[in-house]
Amino acid sequence: MKKNIRRRLLYLAFFVLYLLHNDLWFWHDPSLVLGIPIGLIYHIGFCVAASILMILLVNFAWPRHLHVN
């Protein structure tokens, strides 16, 4: 049961990242953070979050019969 809940939470996180993928709120914002446009900072954070989510999906939601030993 706990494994099923964890899997559903990971799929929910995937859907949330899908919704957050398009950067509509920083698109026309010329602000700089440490000399880098804030939209680029947002996408760097998004890429890090997506990478972590993919690692978690492979470790916890990937079908066991497809794991390589």
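Look above for the structure.
Calculation notes
Residues numbered from 1 in each chain as written. Predicted model: local features only at pLDDT ≥ 70, side-chain atom pairs only at ≥ 80, totals over all residues. Heavy atoms only, no water. Helix = DSSP H or I, 4+ residues; strand = E, 2+ residues; numbered from the N terminus. Rg over C-alpha atoms; globule rule 2.2 N^0.38 Å. Buried < 20%, exposed > 50% of the residue type's maximum accessible area, 1.4 Å probe, protein only. Contact = heavy atoms within 4.5 Å. Areas by Shrake-Rupley, 256 points an atom, 1.4 Å probe, with all protein chains shown as cover. Core = buried A, V, L, I, M, F, W, Y, C linked by side-chain atoms within 4.5 Å. Expected span 1.5 Å × (residues − 1).

Peer 1: Provide a residue-level description of the overall build of the chain, including the pertinent values.
Peer 2: Of regular secondary structure, the chain possesses two helices and two strands. The C-alpha atoms of the chain give 16 Å as radius of gyration, which overshoots the globular expectation for 69 residues (11 Å, by more than 25%). If you line up the chain on its principal axes, its C-alpha atoms span 50 × 25 × 15 Å. The burial tally for the chain puts 14% of its 69 residues in the buried class. Taking the contacts inside the chain whose residues are at least 6 apart along the sequence as the reference set, 60% of them involve residues at least 24 apart. When the accessible surface of the chain is totalled, it reaches about 5,900 Å², and 73% of it is carbon and sulfur.

Peer 1: Quick one: what's the story with the nonpolar core, residue by residue and with numbers?
Peer 2: Membership of the largest hydrophobic core is limited to six residues, which are Leu10, Leu17, Phe46, Leu53, Leu57 and Ala61. Contacts of Leu57, omitting those with residues within four sequence positions, involve Leu10, Tyr11, Phe14 and Trp62.

Peer 1: Could you give me a rundown of helix 2 (residues 38–60), with the residues and numbers involved?
Peer 2: Look at helix 2: 33 Å from first C-alpha to last across 23 residues, which is about the 33 Å you get at 1.5 Å a residue. Regarding helix 2, the residues found buried are Ile38, Gly39, Tyr42, Phe46, Leu53 and Leu57. Considering only its buried residues, helix 2 is in contact with helix 1 (2–20), strand 1 (32–33) and strand 2 (36–37).

Peer 1: Give a description of unusual backbone geometry that names residues and reports values.
Peer 2: Only a minority of non-glycine residues have a phi that is not negative, and only a minority of peptide bonds are not trans. Within the chain, Leu34 stands out as a residue other than glycine whose phi angle is a positive 55°. Considering the arrangement of structural elements, one finds Leu34 in the loop between strand 1 and strand 2.

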